[in-house]
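Geometric and topological summary
Here's the letter readout for the chains.
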Amino acid sequence: MSGFDKVVGSYEEAMAGLEDNMTVIAGGFGLCGIPENLIKEIRRRGTRGLTMVSNNCGTDKYGLGILLVDKQIRKMVASYVGENALFEAQMMSGELEVELTPQGTLAEKMRAGGAGIPAFYTATGYGTPVGEGKEVREFNGRHYILEEAIQGDFSIAKAWKADRFGNLVFRKTARNFNPMAVTAGRIAVVEVEEIVEVGALDPDEIHLPGIYVNRLIQGTFEKNIEQRTVRSA
Amino acid sequence: MALTREQLAQRVAQEFQDGYYINLGIGIPTLAANYIPEGVEVMLQSENGLLGMGPFPREDEVDPDLINAGKQTVTMARGAALFSSADSFAMIRGGHVDLTVLGAFEVDCQGNIASYMIPGKLIKGMGGAMDLVAGADNIIVTMTHASKHGESKLLRECTLPLTGRGCIKRVLTDLALVDIEDGRFILRERAPGVSVEEIARLTAGELVIPEVVPEMTFR
């Protein structure tokens, strides 16, 4: 690795420095646009006591769900955690702490975390269990709660294409939380389907500039589908 | 007769106006996309990052990178746009979405809604529902009027943890279309063949019954 070249040679190198009890922010929505190989690398390393921040926690077989098998996650910050029996069992037994966070608030917490904004006011969650214990302020006759930003020791994300400088292009709805997740990690690791030479991407088409990216790796992806829904003919 | 799921979806779609940007929740709200009135053009917002959602794909069009908020494979309509979750919720919180339709377990006559958690039983999370009810001005809640044991879901005060406070103004149930104004339910329409008395019996919160309560009409 030299200069602005973010490409690393292996998944092991990509996640080097990940230690027990760290906070990891992950992109993805359901199984769409998840950094599936980086998750597998965390599983392989056996890192424990992790706080994972991601919209969902995968399924029993795929995505972040595989980190539940050996109880590597201590706390999960997510907006929706259905479709996962193991998750439910560990949550009910108290082995897994869960902080349910509204989806838009979660996206904004990551965005703020990456943008140096420590907290923000939002109407979302006011007067609900989410707002309990949080500062309330009135603006123009409406109530808002103060939500704090999230930053991670690591962030893991998936993009479609990148150049070697880590400039990223996402594809369709696989973008979702990935750009914000990248910005909010102290060490931001991104895996992509294709790495192109610097200059091959039109600067106007770059969704996230490489300044946010620390490590980049090209992988192959299973891209599992949770709800395959088709119409006839 | 109580409305079927399809009739609920059909009645919801009657609220669609030309040029509306609409977010449809999972379940019956999503079905409403099948009944968009003739001559009305709407754009469906999917909070995972798509404006301009099309129909489900044909087998050869399935793309794992293109799903809706229910994690189902979808397609894009002509003129669609893609964006991040932060941009998506900027649209929602910024009040740019014209109509939001979502389901609920309970609503009450203060406009409160409970839709995401049954303590000790169902703890899956709120997804985008809290953002949607806080960000939208125009919301329709679709739900059954009462549980299968005959317990009203239109209450004086919600018993389950709230998704949002004071944000619901219109509820469509399998029995009735009800507005919420000044701490009371107002009966606007009834399902074909359902009596005002039956609706009143199954509504726990205060219900105002206007002199004329028309039956819903379907084409």
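Above this note sits the structure.
The sections below set out a description of the structure shown in this document. If you're wondering where the values come from, they're calculated on a predicted model, not measured in any experiment.

In this section: the overall build of chain B. Within chain B, the secondary structure is distributed over 5 helices and 15 strands. Once the C-alpha set of chain B is aligned to its principal axes, its extents read approximately 50 × 40 × 30 Å. Counting all 219 residues of chain B, 53% fall into the buried class. Put simply, 61% of the contacts in chain B that link residues at least 6 apart link residues at least 24 apart. Accessible area for chain B stands at about 9600 Å²; split by element, carbon and sulfur atoms hold 49% of it. Averaging the positions of the 19 positive and the 29 negative side-chain charges in chain B gives two centres separated by 5 Å.

Moving on, we get to the interface of chain B and chain A. Between chain B and chain A, the residue contacts involve 47 residues of the former and 49 residues of the latter. With both sides pooled, the region where chain B packs onto chain A buries about 4100 Å², and carbon together with sulfur makes up 58% of that total. On the chain B side of the contact with chain A, Asp65(B), Lys71(B) and Lys124(B) bury the most area, a combined 19% of that side's loss. For the salt bridge of Glu59(B) with Arg228(A), the shortest nitrogen-to-oxygen distance reads 2.9 Å. In this assembly, chain B and chain A are joined by 29 residue pairs in polar contact (both at pLDDT 80 or more). The set of elements that each furnish at least two residues to the side of chain B that touches chain A consists of strand E4 (76–82), helix H3 (85–93) and helix H4 (129–135) of chain B. For the side of chain B that touches chain A, the leading source of residues is H3(B), giving 4 residues. Classifying every residue of the side of chain B that touches chain A by side-chain character gives 22 nonpolar, 14 polar and 11 charged.

Conventions adopted
Position numbers for residues start from 1 in each chain and track the written sequence from start to end. Note on labels: chains are lettered from A, ligands numbered from 1, in written order. Where totals are concerned, whole chains, interfaces and linings use all residues; where local detail is concerned, this predicted model gives features only for residues with pLDDT of at least 70, and gives and counts side-chain atom pairs only at 80 or more. As a rule here, side-chain values cover all heavy atoms of the structure and leave hydrogens and water aside. Under the scheme used here, helices are H or I runs from DSSP no shorter than 4 residues and strands are E runs no shorter than 2 residues, and both carry numbers assigned from the N terminus. Burial classification: accessible surface area is computed with a 1.4 Å probe over protein chains only, and a residue below 20% of its type maximum counts as buried, one above 50% as exposed, and the rest as partly exposed. Residue contacts are defined here by distance: any two heavy atoms, one from each residue, within 4.5 Å place the two residues in contact. Computed by Shrake-Rupley with a 1.4 Å probe, the accessible areas treat only the displayed protein chains as cover when residues are assessed. This count recognises Lys and Arg as positive and Asp and Glu as negative, with His and chain-terminal groups excluded. Note on charges: their place is set at NZ of Lys, CZ of Arg, CG of Asp or CD of Glu. Note: buried area is the sum, over both parts, of the accessible area (probe 1.4 Å) each one loses when the two are combined. We define a salt bridge as a contact between a side-chain nitrogen of Lys or Arg and a carboxyl oxygen of Asp or Glu at a distance within 4 Å. Under this definition, polar contacts are N or O atom pairs within 3.5 Å; protein pairs additionally need one hydrogen-donor-capable and one acceptor-capable atom, and for neighbouring residues in sequence, both atoms have to be side-chain atoms. For this classification, the nonpolar set comprises Ala, Val, Leu, Ile, Met, Phe, Trp, Tyr, Cys and Pro, the charged set comprises Asp, Glu, Lys and Arg, and every other residue, Gly included, is treated as polar.

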